[in-house]
Structure formats: C-alpha cells, structure tokens
Amino acid sequence: MWDIDFVGVLAVDGEVSTGRNSIIINRNNNLQFYIEIISSPPENFPRQIKDVCGFAEDLANWGFDDNTTLPHPARKEALRDFLNRYILFFQVELRKPTGTTEYHIARNIHVVKKSDSFHSDTILDAIPIFSEETTERTQELFEQQLFNRKYVGDNKNISNDDDDTPSMILWRHGQDKQEYTLYGQFNMHDYAAGGFRFHPASTQIHKINLQLEYIMDSYLHDQVLFMDSNNCNKLQKMLDGNGEVLGNFEEMEQTVMQTAASVDAPVLNTETTITEDKQETDKELEFMKLFENECKRMGLYYDIKDLYNFHTAMKTGGLVILAGMSGTGKTKLVQCYANALKLGKSQMLFIPVRPFWQDDADVIGYLDTLHNVYRPGDSGLMNLLTRAANEYPDDLHIVCFDEMNLARVEHYFSQFLSVLELEENKRFLKLYNDEFSTRIYNQNVFPSTVRIGSNVIFVGTVNLDESTYHFSDKVLDRANVITLKIQPYNDVLRLKEERNKEESLSNRRENSFSYDTYTSFRRMEREISLSSFESQFLWDLHEELQKCGRNIGIGWRIVRQISTFLKNLPANSPLTREEAFDLQVVQRVLTKIRGSEEQFTDLLGRYNIDKKEVENSAFLDLLSTMPDSYIFERTQKEIVDKSKELRLYGHTV
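Residues numbered from 1 in each chain as written. Predicted model: local features only at pLDDT ≥ 70, side-chain atom pairs only at ≥ 80, totals over all residues. Heavy atoms only, no water.

Participant: How should I be thinking about the packing of helix α17 (residues 532-548) against helix α19 (residues 577-589) in this particular structure?
Facilitator: Helix-helix packing is described using two parameters, namely the angle between the two axes and the distance between the axes. Contact pair α17 / α19: the axes reach a minimum separation of 13 Å and the direction vectors enclose 20°. Classified by the angle between their axes, α17 and α19 sit roughly parallel to one another. Considering how the two elements wind past one another, α17 and α19 form a crossing that is right-handed. Where α17 abuts α19, its residues Glu534, Phe537, Leu538, Leu541 and Leu545 lie against Arg577, Phe581, Val585 and Val589. (Axes fitted to C-alpha atoms, helices over the stretch in contact; angles between N-to-C directions. Helix = DSSP H or I, 4+ residues; strand = E, 2+ residues; numbered from the N terminus. Parallel < 35°, antiparallel > 145°, perpendicular 65-115°, else oblique. Left-handed = near helix turned anticlockwise from the far one by under 90°. Contact = heavy atoms within 4.5 Å.)

Participant: What exactly am I supposed to notice about the sheet that holds strand β20 (residues 397-402) here?
Facilitator: Here we have 5 strands laid out as an open sheet, ordered β17-β20-β23-β16-β24, and parallel in their pairing. The sheet is open, and its two edges are formed by β17 (348-352) and β24 (479-483), each paired on a single side. Adjacent strand axes in the sheet meet at a mean angle of 20° when their direction is disregarded. Across 5 bridges, strand β16 (residues 319-323) lies against β24 in parallel orientation. Bridge pairing links isoleucine 321 to valine 481 in β24. (Pairing = 2+ DSSP bridges.)

Participant: Help me understand helix α22 (residues 633-649), please; the structure alone is not making it clear to me.
Facilitator: In an α-helix there are 3.6 residues to a turn, and that puts residues three or four apart on one side. Between its terminal C-alpha atoms α22 stretches 24 Å, which fits the 24 Å expected from 17 residues at 1.5 Å a residue. Among all positions of α22, only Thr635, Ile639, Lys642, Ser643 and Leu646 are buried. Axial view of α22: buried residues confined to an arc of 100°, hence all on one face. The exposed residues of α22 that point more than 90 degrees off its buried face are Glu633, Lys637, Leu648 and Tyr649. Backbone geometry just after α22 places glycine 650 at a positive phi near 85°. (Expected span 1.5 Å × (residues − 1). Buried < 20%, exposed > 50% of the residue type's maximum accessible area, 1.4 Å probe, protein only. Arc of directions from axis to C-beta.)

Participant: Which parts of the structure should I look at to understand a negative patch on the surface?
Facilitator: A cluster of like negative charges, contributed by Glu132, Glu133, Glu140 and Asp176, occupies part of the molecular surface. With respect to the element layout, aspartate 176 can be found in the loop between β8 (168-172) and β9 (180-184). In this structure aspartate 176 comes out as exposed when scored by relative accessible area, which is 78%. (Patch = residues over 30% accessible without salt bridge, like charges linked within 9 Å, V, L, I, M, F, W, Y side chains within 5 Å. Areas by Shrake-Rupley, 256 points an atom, 1.4 Å probe, with all protein chains shown as cover. Salt bridge = Lys/Arg side-chain N within 4 Å of Asp/Glu carboxyl O. Lys, Arg positive; Asp, Glu negative; His and termini not counted. Charge placed at Lys NZ, Arg CZ, Asp CG, Glu CD.)

Participant: What's the story with the environment of lysine 283 in this structure? I'm lost.
Facilitator: One can find lysine 283 in helix α7 (residues 270-297). Accessibility expressed as a relative area gives 28% for lysine 283, which makes it partly exposed. Each C-alpha atom, one on lysine 283 and one on tyrosine 518, is 9.1 Å from the other, the two residues being 235 residues apart in sequence.

Participant: Hey, could you run me through the layout of surface pockets in this one?
Facilitator: One number sums up the size of the second largest pocket: a volume of about 1100 Å³. Ala323, Leu464, Thr483, Glu638 and Asp641 are, among the 29 residues lining the second largest pocket, the residues nearest its centre. Counting residues per element, the ones that place at least two in the lining of the second largest pocket are β24, α19 and α22. Per element, the largest residue contribution to the lining of the second largest pocket is 7 residues, and it comes from α22. In terms of residue class, the lining of the second largest pocket is built from 13 nonpolar, 7 polar and 9 charged. (1 Å grid on protein atoms, 1.4 Å probe; cavity = no way out; pocket = protein on both sides within 12 Å on 5 of 7 lines; lining within 4 Å. Points joined across faces, edges and corners; volume = space filled by probe spheres on them. Nonpolar A, V, L, I, M, F, W, Y, C, P; charged D, E, K, R; others polar.)

Participant: Just checking my understanding: could you explain the packing of aromatic side chains for this structure?
Facilitator: For any pair of aromatic rings, the description consists of the separation of the ring centres together with the inter-plane angle of the planes. Enumeration over the complete set of coordinates arrives at 36 aromatic pairs. Taking 5.7 Å as the distance between ring centres and 45° as the angle between the ring planes, the aromatic pair formed by tyrosine 374 and phenylalanine 446 counts as tilted. Placement of tyrosine 374 in strand β19 (residues 373-375) and of phenylalanine 446 in the loop between β21 (428-430) and β22 (449-451) is noted, with a sequence separation of 72 residues between them. Each of the two residues, tyrosine 374 as well as phenylalanine 446, counts as buried. Judged by centre distance (6.1 Å) and plane angle (65°), the rings of phenylalanine 581 and phenylalanine 632 are edge-to-face. (Phe/Tyr/Trp six-rings, centres within 6.5 Å; stacked < 30°, edge-to-face > 60°.)

Participant: Even after reading the chapter, I still don't get the confidence of the model for the protein, so can you show me in this structure?
Facilitator: Should pLDDT be low for a region, the predicted coordinates there are not to be read in detail. When the pLDDT values of the protein are averaged, the result is 86; 89% of them are 70 or greater. Across residues 249-274, where pLDDT falls below 50, the model places 13 contacts with residues more than four positions away in sequence or in other chains. A low-confidence stretch, residues 504-510 stays under pLDDT 50, and its non-local contacts, those more than four residues away or across chains, total 12 contacts. (pLDDT = per-residue confidence, 0-100.)

Participant: Would you take a moment to explain the sheet that holds β8 for this structure?
Facilitator: Paired through backbone hydrogen bonds, the strands of a sheet run either parallel or antiparallel to each other. With mixed pairing, the 7 strands of this open sheet are ordered in space as β13-β14-β7-β8-β9-β12-β15. If you trace the sheet from one side to the other, it starts and ends with β13 (219-220) and β15 (244-245), each paired once. Pairing of strand β7 (residues 124-131) with strand β14 (residues 224-228) involves 5 bridges; the strand directions are antiparallel. By the bridge assignment for β14, proline 128 is matched with valine 224. The strands that helix α3 (residues 139-147) touches are β7, β8, β9 and β12 (206-209); relative to β9, the one it contacts most, it runs at about 5°.

Participant: I keep staring at a nonpolar patch on the surface and nothing clicks. Help me out?
Facilitator: A contiguous nonpolar patch, built from Met325, Ile486 and Tyr489 and spanning about 380 Å² of accessible area, is present on the exposed surface. Mapped onto the elements of the fold, isoleucine 486 is located in the loop between β24 and α15 (489-506). For isoleucine 486, a relative accessible area of 40% gives the class partly exposed.

Participant: Sorry, what's going on with the side chain of glutamate 284 here?
Facilitator: Among the structural elements, glutamate 284 can be located in helix α7. Apart from the residues lying within four places of it in its own chain, the contact partners of glutamate 284 are His311, Lys315, Phe521, Arg523 and Pro570.

Participant: How should the environment of aspartate 641 be read in this particular structure?
Facilitator: Counting through the fold element by element, aspartate 641 comes out in helix α22. Using a relative accessible area of 27% as the deciding quantity, one classes aspartate 641 as partly exposed. Sequence-wise, aspartate 641 and valine 614 are 27 residues apart; in three dimensions their C-alpha atoms are separated by 9.7 Å.

Participant: Looking at this structure, how should I read the packing of helix α18 (residues 556-567) against α19?
Facilitator: Packing of α18 against α19 brings their axes to within 10 Å, and their N-to-C directions diverge by 145°. Note on packing geometry: the crossing formed by α18 with α19 is right-handed. For the pair α18 and α19, contact is made by Ile558, Gln561, Ile562, Phe565 and Leu566 and by Arg577, Ala580, Phe581, Gln584 and Arg588, respectively. When grouped by side-chain class, the residues that make up the contact of α18 with α19 number 6 nonpolar, 2 polar and 2 charged.

Participant: Would you mind going over the pattern of salt bridges with me for this structure?
Facilitator: When the charged atoms of two side chains with opposite charge come close together, those side chains can pair. Enumeration according to the criterion identifies 23 salt bridges in this entry. Here lysine 592 ties to aspartate 477 by a salt bridge, and the two come within 2.8 Å at their closest N and O atoms. Of this pair, lysine 592 sits in the loop between α19 and β25 (595-596) while aspartate 477 sits in the loop between α14 (473-476) and β24, placing them 115 residues apart in sequence. Since its relative accessible area comes to 9%, lysine 592 is described here as buried. Looking at aspartate 477, the relative accessible area reads 15%, which means it is buried. Three or more residues joined by partner-sharing salt bridges are found here, namely Asp58, Glu93 and Arg107.

Put into structure tokens, the structure is as follows:
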C-alpha cells in the first residue's frame, strides 16, 4: 500500500481503464465503483494506472446506504448521485492474487464536498502543512531551521522518496485559524529522525502569506492542502517575484536563546558542536596517518594525495575502481585500508574474479527449486552480506573484486550496479521471488531479499590489457576510477629509511575505528554545492560531449557524485578543492571518452608530434575559462595521452 493520500472523483463511463462502466454490481451483489485519480501521484506509482477500484461498503461512515432491495439501475444511480457531490481521499493498495491480473484498490476512503470552482479537468497538487502543534516548535524556530537547512519536523503525508519533493510547504497559524504562510521553492528533501529537511531550488527561500481565496478553493485533509495545479503555478510565480526572502537570523537567534533561558529550557551549546566537529576531524586525521603508515609498512609508496583521493572515494559510497599497471600494489592498498580501520577477517572479503562469470548467479548463487534450497555462490559474498545486514549491522565491511574486468562487470555485477545507486533504505538485493520463501529450507539464512547497508563498501582492482574487458558507460557512471601513480624510485628508497621510525604508530592496536566513527567522516547532504564556475564548466563540457554523440554526456548522477566527493574532502587534506575537481573530471568524465579519431578529434584536439603539444582542442579551451587556481594538471595530461592515442591508433580507449 502507498502510505500517502491520493485524491480522486468518480470516473466517467467509457473512460475506465478496464472498459467497464464507472459503477457496477459485482458477482457478490455489491456496488463497486471506479475512481479517477486527480492528484499528482508519487514517482514510484505506475504511470499507466489512471483509476482505482472502490466499494460502496466503505462509504457507510460517510452517509451512503446501499438499499439492496432496489433494482440494480436504481442502486447504481443512488451511488452516482452521492459520489458526484464529493472529492474522495484514499490510499491505494495493490492486490495481486496468485494466477490473476494485479489490480489497485482504494482503502481508508474519506469524502469532502466539491468546491464551487471544481471542474472536470482539475488536477490537485499536495502542499504539506506544518504547525506548532505537529512540530513542537514556534514559527520563528521553524523558519530558522528551514533557513539553515535543518530538520523541521515530520508530516506523515510526505513521501520519503527523493523524486517526490514538494515544491512548496505551509505553516499554519493556530489550529482553529485559516491563516497560512507559504514557503518555497524546493527541489530536494531528505528524511531522518528529526523529520524532513528541505533544500531550495535556488540559493534563497521565499515566503508569502497565503490569501484566503486560495484556501477556499482548496481541500484540507490530514495536514495537507490539496490545491488546483493552476493556482499552485500562480503561487510559485508569486513566491519568486514578490516573496519575502528568509534573511539573517542573528537577532532571532538571540531572542530564542533569551526566551529559552528565561524558562530554563535546554539551549544548544554551539561550543559543544564545534568541539564535536573538531573531534571528528582529529579522528579522521588520525585514521589517515595510520593509513599512510600502514602503506609504508607493507612496502607501498604512493603520493599522499592519491591516498586522500582513494579514502574520499571510499567513504562517499558507490563503487571504487583502482586502475593502473600490473604490479603497483592495487590489491595491497585495499588491504592497507582495511588494516588501518582494524577490520577483522570476517569483515574483509577478497573475491578473485573468474573469466567465465556470465551473470550475477555466478557471484551470489541461485535458487535450487528441485531441492527447495538457496545455494550461495562460492565467492563467499552472500555470507558476508547476510552477516553485515543481520548479525553485524554496526560493523564496517569491505568487499574487493580482484581483477574485476577479467569478466564483464555489467553482467556478473548487474544487480549491484542498480542497487548501489539507490538511497540506503531502498538498497535490497533480490535473491529469489517472495512466493518461494515458505518452501525454502534455508530461507532464514538466505531470505528472498538482502539489505545492502552503507556498512558495506565495494571496491575493485583492474588491469587494462589484452586479457581484460573494457568498462561500459553503465559501470563508469557509477564508479570512481582511480589510476594510481607510483613514486620515483629514489623517493621510495628514502621513504624506506623512514618506515622503521613510524612502524610503532601503525602497530598500535588500541586505535580502532568503529562503523559510527567511520560514518562521522561522511558528509552526505544531498544539496549540490558546486561553485558557479564548476557547474558552468560541467554544463559546457556536457554540451561539447553531446556534439560527439547523443549518448555521451554528464548526467545528474555524475554531477551529484562530483559534488559529494568535493564536500567529503577531509579537513586537513593535502588535496585542494581545485585539485579534487581536477581528479573528478579525470575519474568521472574522461574515462567515458572512448572512440574513433573522427568522433573525438574536435573535442580532444590533434597532437602535433613536432611541437609535442595538442592543438585545436575544445576541451583545453574550456579549461582555460576556469579561474587561475584551477590548474587541471591531471586533466591536461589525460587529454594529451588520449590525443596521442587518436594520432597513433585512430581511436582512444
């Protein structure tokens, strides 16, 4: 069942999706009717469903009595007269009896009389309502938290899904008053224990007092105002054009603090918050020092910036792929990371990829319907995932696919690619259909679905040679592909002399990092925080890529992931923001530029062998539009390498 409310009216005869009339008498001699949905449904509701089924018995509480002694036409007409006067609020339940077609039922029906302005093509949009009664906070505090992108309280009729963000919200002034303040516009929201947090579509949040005429033409139901979409559009324009901007809250904060102190209310201690932030920063710095020393202890000598790049990619989730020439210690680096975190053997899994893997059954296993048992793959992955989900949800786990491109990643890792891009509360791996659950002997160990939480990190190592497969865009869209640089050999000899001096720190076992500590390293706010220069650069680059092929470009997923990476740079990182942005262009964009000389010469440019430089490159021209602090050292080197490939081989990979 969808938990949020839908709105509908009695459907018109001849327009019901089943081909039936809008009111029928079924085989059980009960009145059955079809409701046309007139509200904007949630994104996960099937778009092909335009009407749902309701039953007259659910209207008894609203004054309708089905007189079964009347002839069928009279009973139908009585129900039609009743329903034509009302708007119906309801929730939708999906029914799928075994062996029959699925259908949708209206449950928990409420009715409200139609307004005088109602017309047949009315579409209603939901505007959630907050108030002092429902949020336990004053309007001043509500506005302050809204302005500071804090959680502002709960409303059970707002969908948690990212795609269902309401563009506007309301504050109600008193339970018995028809006075509201409207806030907007918003394009993102997220949910936690503190309720909802809203992110504005622009840098500012506007507000206006809602005029009574809009309220009278709308429908109030369970902390939601359902308003005609045309009126919503007018209000959005009014907000942007005439709305008051939520401004500086310094004076308001002082008032709140004084009021709280006068009634001995608990006051947020900003010094404590700053101290906690500093402790988290110090803890992450301590971890990175341990990670660096662990690498030295195991004989790995990488640029410290590469280590911070790897750590930032790991903690921001998704898939991390370590690339580079064979023998540079890619697998060892993952082991060093696990050692620095002090992970136990059961928390770390290395999976050697087999060349014959064709689909995810080779990795996760399959359902043996002959013996009614689920048989996990011999990789050990399912054992780790079930333990991480059920027995040790508070422990961190790392899964490393070694030489992961020996087989086609998009085949054997297909389910994971789809699951890992979802929000954490929606990341479920499907092992088999639910209908088999009661028959499977080991379903208590391997249930039909397994949750993949943020306590499981996936990483892969790859070699790019004639024995391996190249990655598809489906993989590259979801992965940070990091090419590791080895240090000059003279530097390595010098660093070896320093290694013994620092081994004592690396071997200290009292330094452990719990999953909660590791989570504190993450900053997973959904708000995109790219600068205007960065966002404009990515858009211009997207347009240049589109000229090379309509299926090549920079989608919203990549933009959001780049923003998340930049926000998660550790506080004391040797990587500057400009250097990190440079790395992300290489790791998230340039990895997708693969094709012929004819396709990419205009973008990458032509390599002049005599001058040993790239000429007439649209990509390099774009780099020059950025501020001087953006040097793009890695990006420029990659462009040169790819333009050389075009010149030598006629294509780039």
